[in-house]
Each structure stands twice: as structure tokens, then as C-alpha cells.
Amino acid sequence: MHLRPYRGIHPVVAETAYVDPAAVVIGDVQIGADSSIWPCAVIRGDVHRIRIGARTNIQDGSIIHVTHDGPYTPGGFPTHIGDDVTLGHAAVIHACTIEDACLIGMHATILDGAVVRRHGFVGAGAVVAPGKVVGEGELWLGNPARFARKLSDEEIKRLYYSAEKYVELKNDYLRA
């Protein structure tokens, strides 16, 4: 496990979480119970904080970062990721908020100050521009990402299914 402090602040990882040895977690980062961080993910809480909730999976090659306090970003922007979130392979999450039970597709990018509300789904390769808000239960696609449609009840159930399956997978890794 590559957990590294930055300026004396150490990452805090729940006892039931899994951080792959090939992932890097630095600084002011908290990872919740039953969450999983997969190979080559980089979570760098150096100039602000990163909070990752319970049962959330950060898949291979994803990058999570923050924005510092400065003249163009007063106060900076932390990154907050809720419970039961699936973050697809190679996603880039930068200084934004992702609420509970969302799915962020492979190679999607969420930028500074953006918010993905509960049950939001950002499709593969989509780019959510700074400050945009993906509404509750909405699917957004494209570059720049735009509202495509509301999710069905069945699609919302699948968001939880994805999180549950990754909890099972991380448990297999912890037992190995």
C-alpha cells in the first residue's frame, strides 16, 4: 500500500477498505468502510482534502485531485465522493463533489466546482465542465457533457448493484 503523508497529514483508511499496493494515496485523504482503490489509481490530497465515502470503488488508473486556495480559486476546492459510488477506469475527478450512488464512466472527467447529484450518471468519456451540476438521477453524455435523459428506476438499482459487486470483489482481495 502506498500511503504517504504530505506536510504531516497522513491518509486515513477504514479498516475494511482495500487499497491496492499499486495505488498511491497521499496527504489529507479519508477512505470509508468497504471502499476499494484499484491498481494505478492516484489520490492526491496535498493542497486540499479528499473524502471518499463507504462502499465506493475507485477503479484502475483513476486520478483524484483538488484545487489550492489562490487568487483565482479563493478557498480552493476539495473533492468529496459519497457512498456507493462507482468511478470507472481512468476517470479524472478534480476538485468537485460526487454525491451518493453515482456512476462516473470510464475516462470521464469532472472538473473544479462541478457537482454530480445523487444517482447521477456521467457516461464514458464525458467531460463535466467547471461549476456544472448533474441533477439527481440524470444521465449526462459528451464533451462537453450535457443532460441526455433521466435514469429509470431499474438503472438506479444498477448503480447500487455495481457498488455491491465491488465490495464483494475487494473482500476477495482482502482474503487472498
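Refer to the structure printed above.
Given the structure is predicted, the values throughout are model-derived calculations rather than measurements.

Moving on, we come to the overall build of the protein. When you go through the protein residue by residue, the secondary structure sums to one helix and 20 strands. The C-alpha atoms of the protein give a radius of gyration of 15 Å, which matches the 16 Å a tight globule of 176 residues would have. Dimensions of the protein, computed from the C-alpha atoms along their principal axes, are close to 45 × 45 × 20 Å. Counting all 176 residues of the protein, 49% fall into the buried class. Sequence-distant contacts in the protein: of pairs separated by 6 or more residues, those separated by 24 or more amount to 23%. When the accessible surface of the protein is totalled, it reaches about 8,300 Å², and 55% of it is carbon and sulfur. Treating the 17 positive side-chain charges of the protein as one cloud and the 20 negative ones as another, the clouds have centres 3 Å apart.

Turning our attention to the pattern of salt bridges. Considering all chains together, one arrives at nine salt bridges under this definition. Between Lys-170 and Asp-34 there is a salt bridge whose closest N-O contact spans 2.8 Å. Highlighted residues: Lys-170 in helix H1 (residues 153–175) and Asp-34 in the loop between strand S4 (24–31) and strand S5 (36–37), separated in sequence by 136 residues. Residue classification places Lys-170 among the buried positions, given a relative accessible area of 1%. Residue Asp-34 is classed as partly exposed on the basis of its relative accessible area, which comes to 25%. The closest approach of N and O atoms between Arg-175 and Asp-172, which form a salt bridge, is 2.6 Å. Of the two residues, Arg-175 and Asp-172 are both situated in helix H1; the distance of three residues between them amounts to about one turn of the helix.

With that settled, consider the sheet that holds strand S19 (residues 138–141). Spatial strand order, S3-S5-S7-S10-S13-S16-S19-S20: eight strands in an open sheet with mixed pairing. Of all the strands in the sheet, the pair left with one neighbour each is strand S3 (18–19) and strand S20 (146–150). Relative to strand S7 (residues 57–58), S5 runs parallel, the two being bridged by two bridges. For Ile-37, the partnering residue across the bridge sits in S7 and is Ile-58.

This part covers unusual backbone geometry. Between Asn-143 and Pro-144 the backbone carries a cis peptide bond, its omega angle lying at 0°. You can see Pro-144 is positioned in the loop between S19 and S20. In the Ramachandran plot, Arg-7 falls in the positive-phi region, its phi being about 50° despite a non-glycine side chain. Relative to the assigned elements, Arg-7 resides in the loop between strand S1 (2–4) and strand S2 (12–13). Its identity as a non-glycine residue notwithstanding, His-107 has a phi of 60°, on the positive side. Turning to its location among the elements, His-107 is positioned in the loop between strand S13 (103–104) and strand S14 (109–110). Judged by relative accessible area, His-107 falls into the exposed class, the value being 54%.

Moving on to the pairing of S20. The pairing of S19 with S20 spans four bridges and is classified as antiparallel. When the bridges of S20 are listed, Leu-141 appears paired with Arg-146.

About the cut-offs
The residue numbering used here restarts from 1 in each chain and proceeds along that chain's sequence as written. Only residues with pLDDT of at least 70 get local features here, since the model is predicted, and only at 80 or more are side-chain atom pairs given and counted; chain-wide, interface and lining totals rely on the full set of residues. Note that the side-chain values use all heavy atoms of the structure and ignore hydrogens as well as water. Starting at the N terminus, helices and strands are each numbered in turn, a helix being any DSSP run of H or I of at least four residues and a strand any DSSP run of E of at least two. The quantity called the radius of gyration is restricted to C-alpha atoms. Its globule counterpart is 2.2 Å times the number of residues to the power 0.38. Partly exposed residues are those whose accessible area sits between 20% and 50% of the maximum for their type, while under 20% is buried and over 50% is exposed, using a 1.4 Å probe and protein chains only. For this analysis, residues touch if any pair of their heavy atoms sits within 4.5 Å. Surface accessibility in these figures is a Shrake-Rupley result with a 1.4 Å probe; residues are shielded only by whichever protein chains are displayed. A residue counts as positive if it is Lys or Arg and as negative if it is Asp or Glu; His and the chain ends are not included. To locate a charge, take NZ of a lysine, CZ of an arginine, CG of an aspartate or CD of a glutamate. Put simply, a salt bridge is a Lys or Arg side-chain nitrogen that is within 4 Å of an Asp or Glu carboxyl oxygen. DSSP-based pairing: two strands are paired if at least 2 bridges between them are found.

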